[in-house]
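Per-entry structural report
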Amino acid sequence: MSTHASSHQYFISRPIYSYPDFNVENEHCTGVDRTFRDRLSESYRCSGRTALRLIKSIFPVTDWLFRYPVREWLLSDIISGVSTGLVSSLQGLAYALLVSVSPVYGLYSAFFPIIPYFIFGTSRHVSVGPFPVTCLMVGSVVMTLTPDDDFLVPLNISGVNETTVDVEAREAQRIVIACSMTVLIGLIQVIMGLLQVGFLVRYLSDPLVGGFTTAAALHVFISQLKTILSVPTSSHSGLFSIAYTLGDVLRNIKQTNTADLLAGLMTIAVVMTVKEFNAKFQHKIPVSIPIELIVTVVATGISYAVDLESRYGASTVRSIPRGFASPSLPDQGVFWKTLEPGFSTAVVGYAVAVSVAKVYAAKNDYAINGNQELIAFGISNVFSGCFSSFVASTALSRTAVQASTGGKTQVAGVISATVVMVVILALGQLLEPLQKSVLAGVVIANLRGMFLQVLDVLVLWRQNRADCLIWIATCLASVVLGLDVGLLTGLAFEICTVVFRTQFPTCSTLGSIPHTDIYRNVKGYKNIVEVAGVKIFKCNSPIYFANIDYFKEQLKKAVGFDAVQVFKKRNKALKKIQKLMKKEKLKTSKNGVVSAVSLCQENKGFEGEGDVVRVGPGERADLHLDWASKLPVPVNVPRVQIHSLVLDFSAVSFLDKRVTSFIIFCLVLSRNVTPKFDIVRSMSDTFTVVEYIHSTVRPFVLMDYKCCLFVPRGWAKGLSPQWVRCRCSCPARSQWMTD
């Protein structure tokens, strides 16, 4: 290769190869076929190195814990762990409201998942614990399976028979369902991890996740309105559940408790303002202000001092028992009732967690294992579900606290679990006067980042409208149909957009920029010309059974004629001309521009062509006709304005078997309509070489669509097998020659 700097042109010269010669000269490596038994024995071959690698893959903590730099990292992890532990305690109390269980179970959920993840997880920075979206998904199932009507008990007051809700029995059943579903979610995640199907989360694209989490934030906001206002509502789930809940809130809005409303609104305003301050000045302040902790302590003190519960009827936490609940096995009968939403929750929890983990892994230059993350979160959920905890994932806000305060490893997670344990064993009872509306305000304030994702719609509309439609469709489906069905609907819509874009691909006709070898879409530029007599057609999609017919239609529109019709009309004209020649009404001329070869061609590429003339072997005739001039027979043959057709397949990634009919269609073009037909892989190829094999049945077709030349059979008449080569500056101006 040589380069002329003045003209900025490249002149490429290389030998001409056949596939066998190229493979021999460059020592092509052929794969060795191994049996399943050989693969199995190689995978489970026992050695010290294999055993160590296996231990590190199952227990990733062993890969870094023994190399942990105590002096450099321990102090940072302690500071980060204390800060994260305080935030986790308060978020656990708040997110328990989303699951419709007592706040103390939120503390359990902030403690138990951390220890298993410390052993089995591969991320060093994620903070494991409750996540509002997954908590709401579990809470919707809990509310559906435990309606108030199932816990009505008779009550006799002053001789009047009434009914009331057995709150204790309802709370006990709700925690059983929440914990059993958490164990089921963990089992699903473990099975997915063992089956190595972590790649499935890639089908949850960023627009889909963005639309889903925005809809989930709206669900969370509506569900917390009843706590902010302290009004009674019925439990709703499924289709239009968000509208029904909002309707209940509006109908009972006159029962709003002023003390709870003021506390909730002030919490939202203060928390959002300080969080914005932390984000704006994060590089100037050493540690972010723990505003949730400050608000909770102040609100608890005010509630205790003023006695808001007895004097103003405020709804408070009331009871936070000291210590841990006894472990218990899940209710297996709940598994079948929660299988479908459990699978959706497992996928969402993993998708959110692994997305956050990848962000911090990229920032800190280490890798995570997606399948191991599935196993780690699965074991964490199974373990915590047996200890009265609900589903665990991670939250970006909590993980950001752990990372921004200096957290280096999951040692910070263990420290945060220790802080939560101190709250459970010693400090929990001090939070009993805390108003629930304050916890609801903390939940709503942490939804700000999710709601801001609405701004992504405008960006997506400018960048990729298909992604924008995915975002909108997923969001609307999740709002209207519910989170679990909405997620599946959004995923189905996303797959349909991919199928639609490949089924109706973008096809274009290319032209040349004058005095250059650059080819672009003729509709996209004014200063562009098509090569005279040449049509260059490009398809930007794989060609398979779903779009082959569409591709043919677009190709016919581009070339300006129907090859089948031209083929039939020319055969009809030749038939009539031969009849006139037999009657000696016409005579052949030695001069002409088109050579008509034998008509005994069998065309298997088309259906319904019974009227095509088939002349016997003894009726071969060499005719020289000018199809562009007036014919001596009354047959209207469509004009063909091109002599060469080039198909640019540079964007085609695969072809399936059905495309064989398309290739035969191209052969008909090359033999009967255009003298030259070329399929190129790249428009910049200077040399295109294929092996030509002479066939007496039909022209040779090289099935390697990446770079193939369709050679008219008549050119090889009487020739032995040889090489066919294209030498040109552009395939559209090909000069064919034989060596």
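Residues numbered from 1 in each chain as written. Predicted model: local features only at pLDDT ≥ 70, side-chain atom pairs only at ≥ 80, totals over all residues. Heavy atoms only, no water.

Take the overall build of the chain next. Regarding its fold elements, the chain presents 27 helices and 17 strands. Relative to its 739 residues, the chain shows a buried fraction of 46%. Intrachain contacts of the chain at a sequence separation of at least 6 include 78% that bridge at least 24 residues. (Helix = DSSP H or I, 4+ residues; strand = E, 2+ residues; numbered from the N terminus. Buried < 20%, exposed > 50% of the residue type's maximum accessible area, 1.4 Å probe, protein only. Contact = heavy atoms within 4.5 Å.)

With 80% of its residues at a pLDDT of 70 or more, the chain has an overall mean of 77. Contacts from residues 1-6, a stretch scored under 50 in pLDDT, to residues over four places away or in other chains number 10 contacts. Contacts of residues 674-739 to residues separated by more than four positions or lying in other chains number 151 contacts, the stretch itself having pLDDT below 50. (pLDDT = per-residue confidence, 0-100.)

To continue, consider the nonpolar core. Counting 78 residues, the largest nonpolar core has Val133 and Val138 as its most contacted members. Per-element tally for this core: the top contributor is helix H9 (residues 167-194), with 10 residues. (Core = buried A, V, L, I, M, F, W, Y, C linked by side-chain atoms within 4.5 Å.)

A few words now on the side chain of Ser508. Following the sequence through the fold, Ser508 ends up in strand E7 (residues 507-512). Residue contacts for Ser508: discarding those within four places in its chain leaves Asn521, Ile536, Phe537 and Lys538.

Burial runs high along E7: 6 of the 6 residues are buried. Here E7 shows two buried faces, one formed by Cys507, Thr509 and Gly511 and the other by Ser508, Leu510 and Ser512. In the sheet, E7 pairs with strand E9 (residues 534-539) via 4 bridges, with the strands oriented antiparallel. Following the sheet pairing, Cys507 is matched in E9 by Cys539. With 3 bridges connecting them, E7 and strand E8 (residues 519-521) associate as antiparallel partners. Across the sheet, Ser512 pairs through a bridge with Tyr519, a residue of E8. Counting the residues between successive antiparallel strands, the hairpin from E7 to E8 contains 6 residues, one of them, His515, with a positive phi of roughly 65 degrees. (Pairing = 2+ DSSP bridges.)

Glancing now at unusual backbone geometry. Leaving glycine aside, a negative phi is the common case for residues, and trans is the common case for peptide bonds. Phi is positive for Asp307, close to 60 degrees, though the residue is something other than glycine. Inspection of the secondary structure assignment puts Asp307 in the loop between helix H13 (291-306) and helix H14 (308-312). In this structure Asp307 comes out as partly exposed when scored by relative accessible area, which is 35%. Look at Ser388: it is not a glycine, yet its phi comes out positive at around 60 degrees. Structurally, Ser388 is set in the loop between helix H17 (370-385) and strand E6 (393-394). Given a relative accessible area of 10%, Ser388 falls into the buried group.

What follows concerns a nonpolar patch on the surface. A cluster of nonpolar side chains, Leu54, Ile55, Ile58, Phe59, Ile115 and Ile119, forms an exposed patch at the surface whose accessible area comes to about 470 Å². Put simply, the parts of the chain that give the nonpolar patch at least two residues each are helix H3 (48-58) and helix H7 (114-120). Broken down by element, the residue count for the nonpolar patch peaks at 3 residues, all from H3. Its relative accessible area of 31% is what places Ile119 among the partly exposed residues. (Patch = residues over 30% accessible without salt bridge, like charges linked within 9 Å, V, L, I, M, F, W, Y side chains within 5 Å. Areas by Shrake-Rupley, 256 points an atom, 1.4 Å probe, with all protein chains shown as cover. Salt bridge = Lys/Arg side-chain N within 4 Å of Asp/Glu carboxyl O.)

Here helix H10 (residues 206-229) crosses helix H20 (residues 436-445) at 160 degrees, and the two axes come no closer than 9 Å. In terms of orientation, H10 and H20 fall into the roughly antiparallel class. Handedness of the crossing formed by H10 with H20: left-handed. Between H10 and H20, the contacting residues are Val220, Phe221, Gln224, Thr227 and Ile228 on the first element and Lys436, Ser437, Ala440, Gly441, Val443 and Ile444 on the second. (Axes fitted to C-alpha atoms, helices over the stretch in contact; angles between N-to-C directions. Parallel < 35°, antiparallel > 145°, perpendicular 65-115°, else oblique. Left-handed = near helix turned anticlockwise from the far one by under 90°.)

We now examine the pairing of strand E12 (residues 644-648). Burial within E12 is extensive, with 5 of its 5 residues counted as buried. Side chains of E12 alternate between two faces, with Ser644, Val646 and Asp648 and Leu645 and Leu647 buried alike. The sheet contact formed by E9 and E12 spans 5 bridges and is parallel. Each residue of the ladder has a partner; that of Val534, found in E12, is Ser644.

A word on helix H6 (residues 103-111). In terms of burial, H6 is a largely internal element, 8 of the 9 residues being buried. Restricting attention to buried positions, one finds in H6 the residues Pro103, Val104, Gly106, Leu107, Tyr108, Ser109, Ala110 and Phe111. The inward-facing, buried residues of H6 contact helix H5 (70-99), H7, strand E3 (128-129) and helix H19 (411-427).

So, on to the pattern of salt bridges. Oppositely charged side chains are able to pair whenever their charged atoms sit close together. For the structure on display, the rule yields 8 salt bridges. Its salt-bridge partner being Asp63, residue Arg67 comes within 3.7 Å of it at the nearest N-O pair. Classification of Arg67 as exposed rests on a relative accessible area of 57%. Given the relative accessible area of 36%, Asp63 is considered partly exposed. Of the charged contacts in the structure, one is a salt bridge between Glu171 and Arg170, with a shortest N-O distance of 3.7 Å. In this structure Glu171 comes out as partly exposed when scored by relative accessible area, which is 25%. Here Arg170 falls in the buried class, since its relative accessible area comes to 14%.

With that out of the way, let us pick up the UniProt feature "transmembrane region" (unreviewed entry) in the chain. Under the UniProt annotation, "transmembrane region" (unreviewed entry) lies at residues 93-119, 175-201, 258-275, 287-306, 374-397, 409-431, 437-461 and 468-493. From the first C-alpha to the last, residues 258-275 spans 26 Å; its make-up is 100% helix and 0% strand. (UniProt positions renumbered as here; feature names shortened; annotations may be inferred.)

The next thing to look at is helix H11 (residues 241-251). Structurally, the α-helix is built with 3.6 residues per turn, so residues lying three or four positions apart point the same way. Those residues of H11 that sit buried are Ser241, Ile242, Thr245, Gly247, Asp248 and Val249. In this structure, the buried residues of H11 make contact with H10 and helix H23 (465-481).

Take the packing of H5 against helix H8 (residues 132-145) next. Two elements in contact, H5 and H8, have axes whose closest approach is 7 Å; the angle formed by their N-to-C orientations is 35 degrees. Between H5 and H8, the contacting residues are Tyr95, Leu98 and Val99 on the first element and Pro132, Cys135, Leu136, Val138, Gly139 and Val142 on the second.

Turning to the packing of aromatic side chains, a few remarks are in order. Enumeration over the complete set of coordinates arrives at 20 aromatic pairs. Clustering of aromatic rings is evident, with ring pairs tying together Tyr105, Tyr108, Phe111, Phe112, Phe324, Phe383 and Phe387. (Phe/Tyr/Trp six-rings, centres within 6.5 Å; stacked < 30°, edge-to-face > 60°.)

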